[in-house]
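Chain by chain, the residues:
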Amino acid sequence: MTNISSGELSGYDVVLRALSDWGVTTCTGVTGGGLLHFLQHLTPHPGRDEEPRPEEAPRFFNLGEYAAGFTPLGSYLATGELGCCVATTGAATKLLSCGLSDAKLHDIPAVFLVPLCSTKSEGLSPLQDTSAQGSNIIHQLQAELPGGVFVLDQRTAVVDQLRQAQQRLQQSKPVVLVIEPNRLKLPAGVESCHFPPLRPSTPRTEEVRDFVKSFHAAAEGRRVVILAGEELARVPRAPKLTTRLCEQLGAALVWSINGANGVERRNPLGHGYISFGGNDAAMDLWKSLGEDDVLLVLGACPDEYTVNLQPYPAGKTFVVTGIEDGYGQLKGSFGHRARHEFHQWVTPLDSALHALVEHFQYAPPRTRRALPAPENLNHSPRRPPRTGCVDLRQLFARLDERWAPGTLGFDDVCLSYKDRQYVTQRPHPNARFFSLYRGSAMGNVLGLCIGARLASPDSHVVGFTGDGCFRLFAGCLSEASRLDLLLFVLDNSSYGIVEQALPDILPGLPGPRRHTQLTQMEFGDIARACGWVAFDLKPDLTNLDAILSLHRARAGQSILVTIPVDSEQVLGLNPRAGNL
């Protein structure tokens, strides 16, 4: 990074100082246009072979914009650290903003940096025109992210704007920094500038006491059910705390796709995932909730894949969230998502969990205690695949037995993000898995894996993607060839999720009118041409252990595994099909 010493700082120096002070170690994207003046201050990221030195951070990792837009999300999900991605204006910004959408929808803080194209006089039509007469890019970004777009075109205001951006990042919201090259490269008249690091929010002690007292009173004599939302995945000791809380309350527990990361596998009251890819025991429990019950939601996620557009059904619903005015709230509340009585507290989840557990240790409420969950959380029959295809039940079960400690996994928008959790039923103690399902952006997995790898080089990073998703990031495989990624491609020559849902949505629709079929590709050949090692998984899984052993042995070498899949083997639930 540019040496920031005494004397006036340029606008670029101030932006770089902010990124560094916020903990950003890597920027990803593609250079060009208005980025040239900014990126000249960054040294290249060496990949996995060498760790960036703090004095040189942030570094630049060259990666196509679509994948780059998801790298800050992978970084944050892996480590809680902030990431940054960049793009020139025009089509590049639009590609980058697919990741921006998911950052907003999943309440993930991230920095997206784009330049304006500048002209020296009115009436000119520059390349990639960003003005109101051209792409009108600022208004496009502001429409998606109101209050989160900061146009750094006034030298004297840059520091204040960056501090405002930091406040939004502190509230788990992404920001867009728009830089104006002709102005930022001039001295900003600032001799020194420091930004405090991002820190966890402080507990609101009085509100926590009020919450514990109110919840205790409501739980007396009632059945309590706990829903673990995805925000719970950000609490380091959440799995042990939720187990303890369930034991104290005798409360059955269900969880969302990402909320599973806040749950222990050995929790005897854990009933599984609900709704999309949900387990039968969890769905039976959820459907039984009524006016006599109390629902405790830890990290609210009333999205379609979790509650299927239905209101919280309990007679008394208590929501605890650490994100003020997060996605899905109206006027700062999830109250519109409850059918009956509703209460909400905004305070860090870790403090709320600790307060509940400590209180109930000495004063447990007299609740209607739930029975332990069955060992097998599924009771509906599922048919095997056609001959020549891998049985995903066996594959996910075998992999679940083999995850090494420190595994980070990501499910792309493919059958995996519906079927993996259905088969495995409970979270793995060695692995954390995430899915960016709210934006439903196919092909996000490579960017997520790269972001996770750069932020957490000692982790085992694995991704599951589909043959349709693969088409969106294949051109970026070369940049990831030495990052030690393990990528599984589910190959069924179709858009499998759509193919499975169509018989329910449009019964009797002839095959040619489904438009779900894909031309077959040799994924292994493509990966090898990009510097990866590649294998075809045998239908009987006899080479699975050899593949996993080779991945462990060849540190630094990314591996792609093609899995022949039967699109007619329906495993996980897809309640959304009934909404279309």
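Preceding block: the structure.
Quantities reported herein were computed from a predicted structural model and do not represent experimental measurements.

Colleague: What exactly am I supposed to notice about the overall build of the protein here?
Modeller: Counting its secondary structure elements, the protein contains 20 helices and 20 strands. Relative to its length of 580 residues, the protein is compact, with a C-alpha radius of gyration of 24 Å against a globular reference of 25 Å. Seen through its principal axes, the protein has C-alpha atoms that stretch 70 × 60 × 45 Å. Here the protein, with 580 residues, has 60% of them falling under the buried criterion. Put simply, 79% of the contacts in the protein that link residues at least 6 apart link residues at least 24 apart. Total accessible area on the protein stands at roughly 23200 Å², and carbon and sulfur atoms take up 51% of it. Computed over 54 positive and 60 negative side-chain charges, the separation of the two mean positions in the protein equals 3 Å.

Colleague: So what exactly am I meant to see when it comes to the sheet that holds strand β3 (residues 59-62) here?
Modeller: Through backbone hydrogen bonds, the strands of a sheet pair up, either in parallel or in antiparallel fashion. Read from one edge to the other, the open sheet built from six strands follows the order β3-β2-β4-β5-β7-β6, with strand pairing classed as parallel. In the strand order of this sheet, the two ends are held by β3 and β6 (149-152), each with one partner. Between one strand axis and the next, the sheet turns by 25° as a mean value, whatever way the strands run. Note that β6 and strand β7 (residues 175-179) share four bridges and pair parallel.

Colleague: Sorry, what's going on with the nonpolar core here?
Modeller: Here is a general trend for soluble globular proteins: nonpolar side chains tend to be buried in one another's company. Counting 59 residues, the largest nonpolar core has Phe112, Val176, Phe410, Leu446, Ile450, Leu485 and Trp532 as its most contacted members. Among the elements that line this core, the one with the most residues is helix α16 (residues 445-455), at seven residues. Those residues in contact with leucine 446 that lie beyond four places of it in its chain are Phe473, Cys476, Leu477, Ala480, Leu485 and Trp532.

Colleague: What's the story with the side chain of aspartate 102 in this structure? I'm lost.
Modeller: Structurally, the position occupied by aspartate 102 is in helix α5 (residues 91-105). Comment: no salt bridge for buried aspartate 102; closest opposite-charge side chain is arginine 438, at 7.6 Å. Discounting residues that sit within four places of it in the chain, aspartate 102 has contacts with Phe70, Leu73, Leu436, Arg438, Gly439, Ser440 and Ala441.

Colleague: Just to check I follow, could you spell out unusual backbone geometry for this structure?
Modeller: Peptide bonds are, in most cases, trans, and in most cases residues other than glycine have a negative phi. Notably, leucine 309 is not glycine yet its phi reads approximately 65°, a positive angle. Following the sequence through the fold, leucine 309 ends up in the loop between α12 (304-307) and β13 (316-321). Overall, leucine 309 belongs to the partly exposed group, its relative accessible area being 48%. A positive phi angle, near 55°, is found at serine 493, a position not held by glycine. In this structure, serine 493 sits in the loop between β18 (485-491) and α18 (496-505).

Colleague: Got a minute to help me understand the pattern of salt bridges in this structure?
Modeller: Opposite charge on two side chains permits them to pair, given that their charged atoms come into close proximity. Tallying each qualifying case throughout the model produces 24 salt bridges. Its salt-bridge partner being glutamate 247, residue arginine 244 comes within 3.6 Å of it at the nearest N-O pair. Here the residue arginine 244 and the residue glutamate 247 both occupy positions in helix α10 (residues 238-249), the gap between them amounting to three residues, near one helical turn. The partly exposed category is assigned to arginine 244, whose relative accessible area is 36%. Judged by relative accessible area, which is 34%, glutamate 247 ranks as partly exposed. In this structure, arginine 265 engages aspartate 400 in a salt bridge whose closest nitrogen and oxygen atoms are separated by 2.8 Å. Linking arginine 265 in the loop between β10 (252-255) and β11 (270-273) with aspartate 400 in helix α14 (residues 392-400), this pair joins segments that are 135 residues apart in sequence.

What counts and what doesn't
- Residues numbered from 1 in each chain as written.
- Predicted model: local features only at pLDDT ≥ 70, side-chain atom pairs only at ≥ 80, totals over all residues.
- Heavy atoms only, no water.
- Helix = DSSP H or I, 4+ residues; strand = E, 2+ residues; numbered from the N terminus.
- Rg over C-alpha atoms; globule rule 2.2 N^0.38 Å.
- Buried < 20%, exposed > 50% of the residue type's maximum accessible area, 1.4 Å probe, protein only.
- Contact = heavy atoms within 4.5 Å.
- Areas by Shrake-Rupley, 256 points an atom, 1.4 Å probe, with all protein chains shown as cover.
- Lys, Arg positive; Asp, Glu negative; His and termini not counted.
- Charge placed at Lys NZ, Arg CZ, Asp CG, Glu CD.
- Pairing = 2+ DSSP bridges.
- Axes fitted to C-alpha atoms, helices over the stretch in contact; angles between N-to-C directions.
- Core = buried A, V, L, I, M, F, W, Y, C linked by side-chain atoms within 4.5 Å.
- Salt bridge = Lys/Arg side-chain N within 4 Å of Asp/Glu carboxyl O.

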